[in-house]
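Secondary and tertiary structure notes
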Amino acid sequence: MSSSAPAPIIVWFRRDLRLADNPALAHAAACGRPVIPVYVLETGDDARPTGGAGLWWLDKSLRALERDLQARGARLILRRGKGRAVIPDLARELGAAAVVWNRLYDAAEIARDTAIKTELQGAGVEARSFNAALLNEPWTVRTGAGGGFQVFTAYWRVARAQVGEAAHVPAPSQLSTPSHWPKADNLEGWRLHPSAPDWSTGFGVWTPGEAGAEAALDRFLGRALGGYGATRDEPAIDGVSRLSPHLHWGEIGPRQVWRAVQARAEAYPRLAVDAEKFLSELGWREFNHHLAYHRPDLAARDVHATFQGLTWRDDPEGFAAWSRGLTGYPIVDAGMRQLWTTGWMHNRVRMIVASFLVKDLLIDWRAGEAWFWDTLVDADAANNPANWQWVAGCGADAAPFFRIFNPTLQGEKFDPEGAYVRKWIPELHNLPTAQVHKPWTSPAPPKGYPSPILDHAKARERALAVYKALKS
């Protein structure tokens, strides 16, 4: 940097890949210094490595962010390595006056950020962090005894009351830029997009980036918020927001969504009940982050210690059939095929397929969580393990282990016409509705579709016996 130019401020983007409602960027833009936006692709072990589907999304989201920054005269500087080293080194290289970022909440990320902040401040560089990811940060919601919550309803009663009003911060129209930009990696060189083979051809249903997130929110408000409480469990209906990957990558913030939903309900009072239901789903996301903050080993260790004595089955063939959508249970297979094709699965179906793996097959929930981590575009270090533990019965405020979903009845209840199953399992397209969720009852079994890999009734009894032995 030129010695006569003011020292720049570095904005370290992480999972906050947006310009609007971004407090770190807003702070940098207001300070009057040249702004240098940076993204670091972590190659160290500070946090859990992003799965394959997540890397696909990251590739597209970074491209969108770079375009948005270029429209404001700026660039996105890409560096690869351990953030713990890259950020302080870059600050020294540029003679930066300050580094700002928005907070993350995984234990390893907190430790890394704390170490970076200490090092920067010790070198005379201002280091500030902000909240852009949550309505309430995990440590701000406490029980009467001062600890963390284990029950959602109790948590949400307190947390919802703490969601204060926050003014919308628009994206800066222009950013002050340096006279010379530092060197940057080429995004193509990171090879985040899969190749040999490219398994992401079905991911075109998504539009990663801030504009895509805003469009998804607008679509939800206009088409799906009304009736959300009634239709959100039906996978054949476009009745959910599909905002989860946009929220995970920070292309839109929860406060933006909160404000928009509340404004819609105020404008159309008939939407009040549906809006409140949706806001409680944002609350569930918050609860999962609260749990993960208080239990850093959430992806590895059962919340309820009793389950640590459960002996899971080693069943590679069963897991392969489950992951490939070849169990012979249509609602399960449709969900797993939707996941593989699009990187996403309807939430109701996520619960059904998870129950099948954990309770019908008696395969460790951690194996399913790891598969989801690699194949979901919205794989999240808090939501993913917390929800798997909830289904498995070993998590906080979990469904009881003895609540075992019957996949046939679940399909008939939530996909009554079989439209979802037929979309994802073309082998069943011509079956009548009465048989589409139990094709083994058809006089002419559909070609190319497997028979059930197990008898659900017997599998249920086996799971209950295991649970009974565990309790005793």
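I will try to describe carefully the structure that is included in this document. Nothing here was measured: the structure is a model prediction, and the numbers come from that model.

Further remarks concern the layout of surface pockets. It is a probe the size of a water molecule, rolled over the atoms, that shows where empty space is left. Size it by volume and the largest pocket reaches roughly 1100 Å³. Forming the walls of the largest pocket are 39 residues, and the residues nearest its centre are Arg-232, Glu-281, Trp-284, Asn-347 and Asn-387. Only helix 9 (244–248), helix 11 (272–294), helix 14 (347–360) and helix 16 (383–392) provide two or more residues apiece to the lining of the largest pocket. A total of 8 residues in the lining of the largest pocket trace back to one element, the largest contributor, which is helix 11. A per-class count over the lining of the largest pocket returns 18 nonpolar, 10 polar and 11 charged.

Enumeration over the complete set of coordinates arrives at 32 aromatic pairs. Both rings, one in Trp-12 and one in Trp-101, keep their centres 5.5 Å apart while their planes meet at 75°; by these two values the pair is edge-to-face. One end of the pair, Trp-12, is in strand 1 (residues 9–13); the other, Trp-101, is in strand 4 (residues 98–102), and 89 residues separate them in sequence. An identical accessibility class is assigned to Trp-12 and Trp-101; each is buried. Through a chain of ring-to-ring contacts, the aromatic side chains of Trp-56, Trp-57, Trp-199, Phe-203, Trp-206, Phe-319, Trp-322, Trp-340, Trp-344, Trp-371, Phe-372 and Trp-388 assemble into a single cluster. Residue placement shows Arg-14 over the ring face of Trp-12; its charged tip is 4.3 Å from the ring centre. For Arg-48, the ring lying beneath its charged end belongs to Trp-373, and the centroid distance is 4.1 Å.

A complete count under the given rule lists 29 salt bridges for this structure. A salt bridge links Arg-112 to Asp-113, with the nearest nitrogen and oxygen atoms 3.0 Å apart. The same class applies to Arg-112 as to Asp-113, namely buried. The partner of Asp-315 in a salt bridge is Arg-313, with the nearest N and O atoms 3.2 Å apart. Residue Arg-313 is classed as partly exposed on the basis of its relative accessible area, which comes to 31%.

Once that is clear, we can look at empty space enclosed by the protein. Following the criterion strictly, the structure yields 2 cavities of 30 Å³ or more and no others. One number sums up the size of the largest cavity: a volume of about 190 Å³. Class assignment for the residues of the lining of the largest cavity results in 10 nonpolar, 4 polar and 7 charged. Along its surface, the second largest cavity is lined by Trp-284, Phe-287, Asn-288, Leu-291, Leu-298, Val-303, Ala-386, Gln-389, Trp-390, Gly-395 and Ala-396. Where the lining of the second largest cavity is concerned, the elements lending two or more residues are helix 11 and helix 16. Take the lining of the second largest cavity: its biggest share by element is 4 residues, from helix 11. Here the residues of the lining of the second largest cavity sort into 8 nonpolar, 3 polar and no charged.

Moving on: the pairing of strand 5 (residues 126–130). Judged from the 5 bridges that link them, strand 4 and strand 5 form a sheet pairing that is parallel. In the strand pairing of strand 5, Val-99 is matched with Ala-127. In this region the chain leaves strand 4, passes through helix 4 (residues 107–122) and returns to the parallel neighbour strand 5; the handedness of that crossover is right-handed.

Once that is clear, we can look at the packing of helix 3 (residues 83–94) against helix 4. Close contact between helix 3 and helix 4 brings their axes to 9 Å; oriented N to C, the two are set at 25°. The pairing of helix 3 with helix 4 is recorded here as roughly parallel in orientation. The interaxial crossing formed by helix 3 with helix 4 has right-handed handedness. Mapping the contact onto sequence places Gly-83, Arg-84, Ile-87, Pro-88, Ala-91 and Arg-92 in helix 3 and Arg-112, Ala-115, Ile-116, Glu-119 and Leu-120 in helix 4. Here the contact of helix 3 with helix 4 is composed, by residue class, of 6 nonpolar, 1 polar and 4 charged.

How each quantity is defined
- Residues numbered from 1 in each chain as written.
- Predicted model: local features only at pLDDT ≥ 70, side-chain atom pairs only at ≥ 80, totals over all residues.
- Heavy atoms only, no water.
- 1 Å grid on protein atoms, 1.4 Å probe; cavity = no way out; pocket = protein on both sides within 12 Å on 5 of 7 lines; lining within 4 Å.
- Points joined across faces, edges and corners; volume = space filled by probe spheres on them.
- Helix = DSSP H or I, 4+ residues; strand = E, 2+ residues; numbered from the N terminus.
- Nonpolar A, V, L, I, M, F, W, Y, C, P; charged D, E, K, R; others polar.
- Phe/Tyr/Trp six-rings, centres within 6.5 Å; stacked < 30°, edge-to-face > 60°.
- Buried < 20%, exposed > 50% of the residue type's maximum accessible area, 1.4 Å probe, protein only.
- Lys NZ or Arg CZ within 6 Å of the ring centre and 35° of its normal.
- Salt bridge = Lys/Arg side-chain N within 4 Å of Asp/Glu carboxyl O.
- Pairing = 2+ DSSP bridges.
- Right-handed = clockwise from strand over helix to strand, strands pointing away.
- Axes fitted to C-alpha atoms, helices over the stretch in contact; angles between N-to-C directions.
- Parallel < 35°, antiparallel > 145°, perpendicular 65-115°, else oblique.
- Left-handed = near helix turned anticlockwise from the far one by under 90°.
- Contact = heavy atoms within 4.5 Å.

What is shown is where atoms sit, not what they do.
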